[in-house]
Amino acid sequence: MKRFGHLWEKVTAFENLLLAAKQAQKGKRFRDNVLTFNYNLESELICLQRELETQTYRPGAYKTFEIVEPKRRLISAAPYRDRVVHHALCNVIVPIFERTFIHDSYANRTGKGNHRALKQFVAFSRSSRYVLQCDICKYFPSIDRKILKVLLSRKIKCPDTQWLIDAIIDSSDPQETTDGRIRGLPIGNLTSQFFANVYLNGFDRFVKDQLKVKKYLRYVDDFALFSDDRSFLVNARHEMEAYLEALHLQIHPIKSQLFETKQGANFVGFRVLSDRIRVRNQNLRRGRRRLRLNLSACQQNKIRIEQVEHSLRSWFAHLAHGNTWHLRQCITAQL
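As annotated in an unreviewed UniProt entry, the protein carries the name Reverse transcriptase domain-containing protein and comes from Tumidithrix elongata BACA0141.

See below:
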């Protein structure tokens, strides 16, 4: 396996840090912390560059909050200057790993996303009799940091870059378990999303190359296998559980099910049926509530009308992936 060195100059280059700052502020440039950083942008970036080059950089404290939709979970937001560093690192190392990922891994990748995942899920579902749909229990909190570092080091041999990777991984609150191993990544980080793909990349390869599953896809920790042979999928589940055990991960015993595709399946917020695709009711309620909150905020001059229009266009673009023309008309009338 080829390993890559001499990456540190690329990571710490001022041009890369400037690009990272532009990437980190997308959709957030009017927030107070971003405005403050950008007010002295050049000096802030020079300071970051100096801290990285001398390895005196230390990640700041996370701001942790809980969300309840689509499910209850903790989100950890890094300070803005740390998010700039995350982008600078990912600009250099993501292309190295990207070429090793399978085609049908769709989360947090350029040119992929949930809508392309949905399209492939529909194609697999409508050409197969059975689906084994799985979910990993508490994926981000369960990621073993020691194993993750080993997986990353298989491609990264630049010690300075590895130092920054370790600093980012170790900066979040540890979740030490009874076996003494430290686990968990903050869900809100750009780096965590990338590391999550790296952590399961070997599993993806195992399913495709060793188990010989022709129809397989994954979106973060949700994955599905399709076949006309039910016993093949039963055996595949046992093999996958054994593989994931080595990563200290478990398939969710309730959410993971094997059933006929004609029954319909839920995936990335849609209900996939044999003849149509519906948006799930809970997603509709959440979307309507978000739009109403945006309208209320706009009326109170907290946000601009352009932000409401952008949110509405994004929501309609999402709905367009299902059979929802009449639904869109109803939502427009209600708003």
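**Quick look at the sheet that holds strand β10 (residues 270-272)**
Hydrogen bonds between backbone groups are what pair the strands of a sheet, and the pairing can be parallel or antiparallel. The three strands are arranged β9-β10-β11 in an open sheet whose pairing can be described as antiparallel. Edge positions in the open sheet fall to β9 (265-267) and β11 (277-279), since each of these has one partner strand only. Looking at each pair of strands side by side, their axes are set apart by 30° on average, direction ignored. Relative to β11, β10 runs antiparallel, the two being bridged by three bridges. The residue of β11 that forms the bridge with Arg271 is Arg278. Lying on the sheet, helix α6 (residues 114-125) is in contact with β9, β10 and β11; it crosses β10 at an angle near 20°.

**Some details on the pairing of strand β7 (residues 222-227)**
Consecutive residues of a regular strand have side chains that alternate between opposite faces of the sheet. For β7, the tally of buried residues reaches five of six residues, placing the bulk of the element in the interior. Pairing of strand β3 (residues 130-135) with β7, which is carried by six bridges, proceeds in the antiparallel orientation. Looking at the pairing, Leu132 lines up with Leu225 of β7. Two strands pair when backbone bridges link them, and strand β6 (residues 215-219) and β7 are joined in this way by five bridges, in the antiparallel orientation.

**A look at the pattern of salt bridges**
A full pass over the atoms with the stated rule returns eight salt bridges. One salt bridge in this structure joins Arg81 and Glu51, with 3.4 Å as the shortest N-O distance. One end of the pair, Arg81, is in helix α5 (residues 80-98); the other, Glu51, is in helix α4 (residues 41-53), with 30 residues separating them in the sequence. By relative accessible area, which is 23% here, Arg81 ends up partly exposed. Among the ionic pairs, Asp170 bridges to Lys149, the shortest N-O distance being 2.9 Å. Taken together, the residues span a long stretch of sequence, with Asp170 in helix α9 (residues 159-170) and Lys149 in helix α8 (residues 145-153) at a distance of 21 residues. Exposure remark for Asp170: the relative accessible area of 41% places this residue in the partly exposed category.

**A few points about the packing of aromatic side chains**
In this structure the tally under the stated criterion is 13 aromatic pairs. A ring pair is formed by Phe203 and Phe223, whose centres lie 5.2 Å apart and whose planes are at 65°; its orientation type is edge-to-face. Here Phe203, found in helix α10 (residues 190-210), pairs with Phe223, found in strand β7; they are 20 residues apart in sequence, far enough to count as distant. Note on accessibility: Phe203 and Phe223 belong to one class, buried. With a centroid separation of 4.7 Å and an interplanar angle of 25°, the aromatic rings of Phe206 and Tyr243 are classed as stacked.

Procedures and definitions
- Residues numbered from 1 in each chain as written.
- Predicted model: local features only at pLDDT ≥ 70, side-chain atom pairs only at ≥ 80, totals over all residues.
- Heavy atoms only, no water.
- Pairing = 2+ DSSP bridges.
- Helix = DSSP H or I, 4+ residues; strand = E, 2+ residues; numbered from the N terminus.
- Axes fitted to C-alpha atoms, helices over the stretch in contact; angles between N-to-C directions.
- Contact = heavy atoms within 4.5 Å.
- Buried < 20%, exposed > 50% of the residue type's maximum accessible area, 1.4 Å probe, protein only.
- Salt bridge = Lys/Arg side-chain N within 4 Å of Asp/Glu carboxyl O.
- Phe/Tyr/Trp six-rings, centres within 6.5 Å; stacked < 30°, edge-to-face > 60°.

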